[in-house]
Amino acid sequence: MSEDAKFEEEEFSSQFNGDTVARLVGLLKPHWRWVVGFLICIGAVAIMESYFTFLNKRIIDEGILGGLEGELMALYRQVVGFQVPQNLTIRGNPDALRGILVQYAGLQFASALCVFGFIYLTDILGHRVQYDLRKRMFSHLQTLSFSYFDRTPVGWIMSRLTSDAGRISDLITWGMLDIAWAVLNVGTAIVFMLTINWQLTLLVVPFIPLLLYVAIWFKKKILVEFRQARKFNSKITGAYNENITGVRVVKALRREEKNLDEFKDLTRDMYRVSFRASWLSALFLPVVQIVSAGAIGGVLWYSGANVGTIGGLTIGGVQAFISYITFMMWPIQDIARVYAQMQQSVASAERIFSLLDAKPDIVDRDGATDPGTIRGEVVFENVDFFYEENKPVLKNFNLCVKPGETIALVGPTGHGKSTIVNLVCRFYEPKAGQITINGQDYTTMPMHAIHSRIGMVLQTPHLFSGTIKDNIRYGRLDASDDEVIEAAKLAGAHNFIMELEKGYEEEVGESGVMLSVGQKQLVSLARAILSDPEIMIMDEATSSVDTLTEALIQQGMENLMRDRTSFVIAHRLSTIKRADRIIVIEHGTIAEMGSHTELLRKKGHYYNLYTNQFRAELEKKYETGTFKAVKPVEGKDSAESIPA
C-alpha cells in the first residue's frame, strides 16, 4: 500500500474545540464590512418576518373583528357551555384592513430586497473566504521544508486545498447565515410573544435549554465520527492519486486485483464511520421535532384550558401566539441541523489549521546576510545526517569542492548520494558538523540566497502546464524570447522544438505529458541554462533516455556545467568520465575518490561498478546486434575507447 494509505494524521481531541471555531470566525475579519452588511440584512428580514405575524393578528382583531374582544369571550363561554349565541354580529373595519394590507405589501417588498442583499453578500463573502484560505495554504506550503513533503502524502494536502477549504467556506458563510437567521428569528419571536401574553411566553422559554442540551449531546457523538470519516477520506484520496499517476506500472505488473482489495479495505472503513455519522445525524432532527412538538402541545393545552383566566388574549392574539410558537421552534431545529453539519466542517478546519500551523524545519537565522554570490569552495566538515533517529545516512562526512569543479557521485542506491546534494541545496541541514560556502557557514545565509543561485536537473523532469517557452522561462520570467531560444540551442532542445507544429508555443500538457521523457529533459536543461546558476546539480539526468537523446543531453550538460561548480549523480557511469573527481559513496562515507582513469587503475569499487555495467551493456548490444568494435584511440584508456 502507498505511503498515503499508511500516513497517520495527528489525533485531535474528541471535545469540541472552541479555539478552532474562534479561528474560523477570524477568517471573516478582513471582510468585516461585508459581514456587517450581511447581518443588517438578516436582522431586518428577521424583524419583518416576526412583524408579519403581528400584522396577521391586527388583520384579525382590527380589520375583521373590529375590536370585539368582549363579545369573543362571551362567545367562548357560551360555546364551552354548549350555548350558541343568537344575535352575535361581527363587524369588519375596511379602513383599518386597507391600511394594514398596504403596510404588509410595503414590508414584503422591503423584505424581498433584504433577502436579495443577504444572499448576494453571503455568496460573495464565501468566495472571498475560500480564496483567502486557499491562498494562505498555498503560500504556506511554499515555505515548508522538504521534510514536510517527505512525511505528508500529496492526497492529504490536496484534500485540504480543495474539499476542506470549500466546506469551511460554506460553514462560515451559509452556516453563519442559518445560525444568524435562526437566532434573530427566535429572539424577535419571543419579543412579540411577550407583547401578546407574557405568561404563555414563560411556558415556552424553558424548552429552549432542553433543545440546546439535545444538540450538545448529539454534537459530541457526531464530531467523533466525522473526524474519523475525514481521516479515511484523506487516505482514499491519496490512494486514488497514487493509482492514477502510477497506472502504467499497475497495469504492467497486473496489480489491479491486489490494489482493489487494498482499496476495498479503506472504503469499508470509510463506510462504517460514515454510516454511524449519518445515523446519528438522521436521528438528530426527529428528536428535536419530538421535543418541539411536546412544547407546542403543552402550551396549547394550557392556553386552551385557562383562556378565561389568562387575560389580554384576542382571537388574533391566540392565532399569532400559536404561529409564533411554530415560527420559533423551526429556527431552533435549524440551529440543531446546522450544528450537526458544523461538526464535519470543524473536523475539516482542524486539519486545515494543522497544515497552516506546520512549522518549517529550516528557517533563516536572525541576522542572516546575503553574500552576493555562492561561487567559491563548498566544504563539508564532519557532517552527520539522518532522516530518522538511529538510522544515520552520513557519518563524519568530509569533502572540499573547489570553485568550478565537477564532482560525480556514484555508489549503491540509498547510501547517501542524493542526501549530499540535498544538503548542498540546503533542503536539509546537517545534524552535526557544518557546511561552508566560500568560507561562510551557509546557515548564516538566507535560504533564498542559496536556492536562487542553484540549478537542478532531475532524473524525472517536471514541466508545468503551459507552453515550452513558458517552461524554459520558468526560472527567469524576465528573459527575452531570444534568450529562451539561445538557452534551448545550448541545451540541444532547439531542433526538436522547431519540428513541433507550434514550436516554442506548443502546449506541453499537465506535467509535460505531451512530450517524451528525453524531450522533457532537454527542456529542463534549457530552463537551467537560462536561470544561469552558480552551482549545478544533475541527478540521474540521462538514466531514462535512449542513446541518441543521451548524447544531446550530455552535450547540454557540458554547456551547462562549464565554469560552474557542479554535482552529478549518475548510475550510467559512461556519462561522468569527464568529471574532475568521481566519489564513490558507500554507507554514508567516501569509499574512493579520484578521476575516471585513476579509479580504473586502482581496480577498486569504481572499477568493479564500471566494468560490471560496461559488460552488461556490451552483452545487450551483442544480443540486439548493435555492437560495433571501435579501434582504441592512442593515448586514451582502453576502457574509454570502447563504446559504452
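For the structure given in this document, a descriptive report is provided here. On a predicted model such as this, the values are computed, not experimentally measured, just so you know.

Here the focus is the pattern of salt bridges. Within this structure, the stated rule accounts for 16 salt bridges. We note a salt bridge from Asp481 to Lys469, for which the minimum N-O separation is 3.5 Å. Of this pair, Asp481 sits in helix 16 (residues 481-491) while Lys469 sits in helix 15 (residues 468-472); the two residues are twelve residues apart in sequence, bridging distant segments of the chain. For Asp481, a relative accessible area of 36% translates into the label partly exposed. Of the residues examined, Lys469 reaches a relative accessible area of 15% and is grouped as buried. It is possible to trace a salt-bridge network through shared partners that takes in Lys469, Arg473, Asp481 and Glu505.

Counting residues in each nonpolar core, the largest one holds 41 residues, and the members touching the most others are Leu24, Leu133, Met137, Tyr148, Ile168 and Ile172. Counting residues per element, the ones that place at least two in this core are helix 3 (32-64), helix 5 (94-143), helix 7 (154-196) and helix 12 (315-356). With ten residues, the top contributor of residues to this core is helix 7. If we skip the residues at most four places from it in the chain, Tyr148 touches Leu141, Trp156, Ile157, Leu355 and Ala358. Among the nonpolar cores identified, the runner-up in size contains 40 residues, and Val457, Phe496, Val568 and Tyr606 belong to it.

Turning next to the pairing of strand 3 (residues 406-410). The element strand 3 is largely enclosed, with a buried count of five among its five residues. With burial as the criterion, each face of strand 3 is covered, one bearing Thr406, Ala408 and Val410 and the other bearing Ile407 and Leu409. Pairing analysis gives four bridges linking strand 3 to strand 8 (residues 565-569), with the strands arranged parallel. Looking across to strand 8, one finds that Ala408 is bridged to Val568. Alignment of strand 3 against strand 9 (residues 581-586), held across four bridges, turns out to be parallel.

Another point: the state of the cysteines. Taken as a whole, this structure holds zero disulfides when the rule is applied. Sulfur of Cys114: no disulfide; nearest cysteine sulfur belongs to Cys41 and is 5.2 Å away. Note on Cys114: relative accessible area 18%, which makes it buried.

At 3.6 residues per turn, the α-helix brings residues three or four places apart onto the same side. The buried fraction of helix 13 (residues 417-424) amounts to seven of the eight residues, a majority that puts the element mostly inside the structure. Within the span of helix 13, buried status applies to Lys417, Thr419, Ile420, Val421, Asn422, Leu423 and Val424. Downstream of helix 13 by one or two residues, Arg426 has phi in the positive range, about 60°.

Counting across every chain of the model gives twelve aromatic pairs. With 5.0 Å between their ring centres and 40° between their planes, Phe52 and Tyr104 make a pair best called tilted. Here Phe52 is found in helix 3, whereas its partner Tyr104 is found in helix 5, with 52 residues between them in sequence. Phe52 sits in the buried class, given a relative accessible area of 6%. Within the aromatic cluster, the residues linked to one another by ring pairs are Phe385, Tyr387 and Tyr428. Against the face of Phe386 rests Lys431, its NZ or CZ located 5.2 Å from the ring centre.

Conventions adopted
- Residues numbered from 1 in each chain as written.
- Predicted model: local features only at pLDDT ≥ 70, side-chain atom pairs only at ≥ 80, totals over all residues.
- Heavy atoms only, no water.
- Salt bridge = Lys/Arg side-chain N within 4 Å of Asp/Glu carboxyl O.
- Helix = DSSP H or I, 4+ residues; strand = E, 2+ residues; numbered from the N terminus.
- Buried < 20%, exposed > 50% of the residue type's maximum accessible area, 1.4 Å probe, protein only.
- Core = buried A, V, L, I, M, F, W, Y, C linked by side-chain atoms within 4.5 Å.
- Contact = heavy atoms within 4.5 Å.
- Pairing = 2+ DSSP bridges.
- Disulfide = S-S within 2.5 Å.
- Phe/Tyr/Trp six-rings, centres within 6.5 Å; stacked < 30°, edge-to-face > 60°.
- Lys NZ or Arg CZ within 6 Å of the ring centre and 35° of its normal.

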